[in-house]
Amino acid sequence: MEQRYFQKEIETMPVEEMKKLQSEKLVKQVKHVYDNVPYYRDLMDKKGVKPEDIHGIEDLHLLPFLTKADLRDAYPYGLLAKPLSECVRIQSTSGTTGRRVVAFYTQNDVNLWEDCCARAIVAAGGTNEDVCQVAYGYGLFTGGPGLNGGSHKVGCLTLPMSSGNTERQIQFMNDLSATILCCTPSYAAYIGESLKEQGYKPEDIPLKAGIFGAEPWTEEMRHSIEATLGIKAYDIYGLTETSGPGVSFECCEQTGMHINEDHFLAEIINPDTGEVLPEGTKGELVFTSLDKEAFPLLRYRTRDICVLSRKKCSCGRTLIKMAKPMGRTDDMLIIRGVNVFPSQIETVLLNEGYAPNYQIVVDRVNNTDTFEVNVEMDAEQFTDKLSDILAMEKSLAEAIKTMLGINPKVHLVAPKTIVRSEGKAVRVIDKRKLI
Ligand code: ADP
Ligand code: ZN
């Protein structure tokens, strides 16, 4: 059955009503945290804020921030707000940027999280007629369990593939006519590459949509995946600390992700000063969980850099939108004093006709940063004529220099020499950090 929204009354709620709902929830949530989480109570006491000072979302800025360092400090149980007897699930971050942290869920937390993922699937055109292939990892990683639960809620026939075993992914996708694929964008690109090698054309592939997230990916990468798989590719965002995927999701307009703001209150701050920035300004995204019972983080600093917008959306949803995060503050490399996000390099590569198979290697030699980009040629680009390779490397280095203002050393490498990712891709090797 055609369905436009999973929870219409929330997804299209007038903004003023939503703010009222958020205010009511915030007041209760602050009290819940203050009463049950000594770690956060201490932070509030130090800042001289009491739950009675919080009357609504206009008072949010009074509350202290939480950071990943706090989560590591309080590991494992220090931020738990419910007795373990009421918790039914533990998930863990991927550990992309350091020691993993764990998050806890009550049954109600799992339920609301799955609702968020269901909203994302419906926004991507999913219905109970669809076969939804979930190729995010299952287990501690939130990708598999989150989309699995959302897919059930929508009533899709769910294929819990988990990540890896690409041959089997392709076989089941075809045998069972999967219509929606959920995985990381780098794994979607890898599946697409494998299908192409097996002679599949986009029109032979049963998929109609993909829901890809858990790592930054560029518009260029979106176009490339859409063309290879013959689908519409939707972004989905989330983090374990707030639940998992489904904190925000893309609709048919594909111009940013609607935040499920009935559950997650978003702010953008200046990452250096902590000052709250007005809508439309780029900065660090901060979330307050309004409904989480077991692990209710208030003003959690995600370190993800993006912009919020309340511009009217053609899909009819009134939920605020966030732009594609361009990376995290800690993904940002500073090379010879210049700020570099891997996503900028990805944009150049795809614009120059290369596949998104690359790795950035940064080191420091004689007190100067070295900056190398290894880029894979595909079978058509591949040549063993040295002068051709040198010319291609030079032209790519110039394109990257135009984007960033600093000169990389580009190495073109033979097809299939850069490791493919079945989960989150590792794009950067920063040897300076190993010293
Ligand atoms: P880890 O922080 O160890 O990677 P998670 O698996 O919880 O643990 O990942 C959450 C992080 O993944 C987010 O903070 C964000 O940096 C990144 N992320 C998730 N979805 C997206 C997306 N759609 N676009 C860009 N980055 C994303
Ligand atoms: Zn929309």
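Please read all numbers here as calculations on a predicted model, not as lab measurements.

Cut-offs applied
Residues numbered from 1 in each chain as written. Chains lettered and ligands numbered in written order. Predicted model: local features only at pLDDT ≥ 70, side-chain atom pairs only at ≥ 80, totals over all residues. Heavy atoms only, no water. Core = buried A, V, L, I, M, F, W, Y, C linked by side-chain atoms within 4.5 Å. Buried < 20%, exposed > 50% of the residue type's maximum accessible area, 1.4 Å probe, protein only. Helix = DSSP H or I, 4+ residues; strand = E, 2+ residues; numbered from the N terminus. Contact = heavy atoms within 4.5 Å. Salt bridge = Lys/Arg side-chain N within 4 Å of Asp/Glu carboxyl O. Donors = N, O, S within 2.8 Å, 3.2 Å for Na, K, Ca; no water. Tetrahedral: all angles 85-135°; square planar, octahedral: opposite > 155°, others 65-115°. Axes fitted to C-alpha atoms, helices over the stretch in contact; angles between N-to-C directions. Left-handed = near helix turned anticlockwise from the far one by under 90°. Nonpolar A, V, L, I, M, F, W, Y, C, P; charged D, E, K, R; others polar. Near = heavy atom within 4 Å. Polar contact = N/O pair within 3.5 Å; in protein donor to acceptor, adjacent residues only side chain to side chain. Pairing = 2+ DSSP bridges.

A.B. asks: With reference to specific residues and values, describe the nonpolar core.
C.D. replies: Membership of the largest hydrophobic core comes to 73 residues, with the highest contact counts inside it found for Tyr40, Leu63, Leu285 and Phe287. For this core, the element with the highest residue contribution is helix H5 (residues 107-123), accounting for 9 residues. Setting aside anything within four residues of it in sequence, one finds tyrosine 40 in contact with Val33, Leu63, Pro64, Leu66 and Leu298. Within the second largest apolar cluster, 24 residues are counted, among which are Ile170, Cys183, Phe212 and Trp217.

A.B. asks: Break down the pattern of salt bridges for me, citing the residues and quoting the values.
C.D. replies: Two side chains with opposite charge may pair up if their charged atoms get near one another. Tallied over the full model, the rule gives 26 salt bridges. For glutamate 11, the salt bridge is made with arginine 317, and the minimal N-O distance between the two is 2.8 Å. Of this pair, glutamate 11 sits in helix H1 (residues 8-11) while arginine 317 sits in the loop between strand S13 (308-309) and strand S14 (321-322), placing them 306 residues apart in sequence. Notably, a salt bridge pairs aspartate 115 with lysine 153, separated by 2.6 Å at the nearest N-O pair. Highlighted residues: aspartate 115 in helix H5 and lysine 153 in helix H6 (residues 143-154), separated in sequence by 38 residues. Aspartate 115 gets classed as buried once you look at its relative accessible area, which sits at 9%. When salt bridges with common partners are traced through the structure, they connect Glu193, Glu197, Glu376, Lys416 and Arg420 into a single cluster.

A.B. asks: Could you give me a rundown of the coordination of the zinc ion (ligand 2), with the residues and numbers involved?
C.D. replies: Only Cys251 (SG), His258 (NE2), Cys313 (SG) and Cys315 (SG) from the protein coordinate the zinc ion (ligand 2), and they sit 2.1 to 2.2 Å from it. Note that the zinc ion (ligand 2) binds 4 donor atoms; their angles at the metal cover 103 to 114 degrees, and the shape is tetrahedral. Each donor residue of the zinc ion (ligand 2) belongs to the same chain, and together they define the spacing C-x6-H-x54-C-x1-C. An identical accessibility class is assigned to cysteine 251 and histidine 258; each is buried.

A.B. asks: Would you mind going over the packing of helix H8 (residues 185-197) against helix H9 (residues 219-229) in detail, with residue names and values included?
C.D. replies: In the contact formed by H8 and H9, the axes pass within 9 Å of each other and the chain directions differ by 35 degrees. Here H8 runs over H9; the crossing is left-handed. Listed contacts from H9 to Pro185, Ser186, Ala188, Ala189, Gly192, Leu195 and Lys196 of H8 are Met221, Ile225, Thr228 and Leu229. Its residues assigned to classes, the contact of H8 with H9 comprises 7 nonpolar, 3 polar and 1 charged.

A.B. asks: Describe in detail the site of ligand 1, supporting the description with residues and values.
C.D. replies: In the neighbourhood of ligand 1, 20 residues make up the surrounding shell, with Ser94, Gly95, Thr96, Thr240 and Asp304 lying closest. One of the side-chain N or O atoms of arginine 328 is found 2.9 Å from an oxygen atom in ligand 1. No other element matches the 5 residues that strand S7 (residues 232-239) contributes to the shell around ligand 1. Broken down by class, the residue content of the shell around ligand 1 amounts to 7 nonpolar, 7 polar and 6 charged.

A.B. asks: Please give an account of the sheet that holds strand S12 (residues 300-306) that cites residues and values.
C.D. replies: Strand order in the open sheet made by the 3 strands is S10-S11-S12, with antiparallel pairing throughout. The open sheet has two free edges, formed respectively by strand S10 (264-269) and S12, since each of these has just one partner strand. Taking each pair of neighbouring strands and ignoring which way they run, the sheet shows an average axis angle of 30 degrees. In terms of strand pairing, strand S11 (residues 283-289) meets S12 through 4 bridges, oriented antiparallel. Bridge pairing links glutamate 284 to isoleucine 305 in S12.

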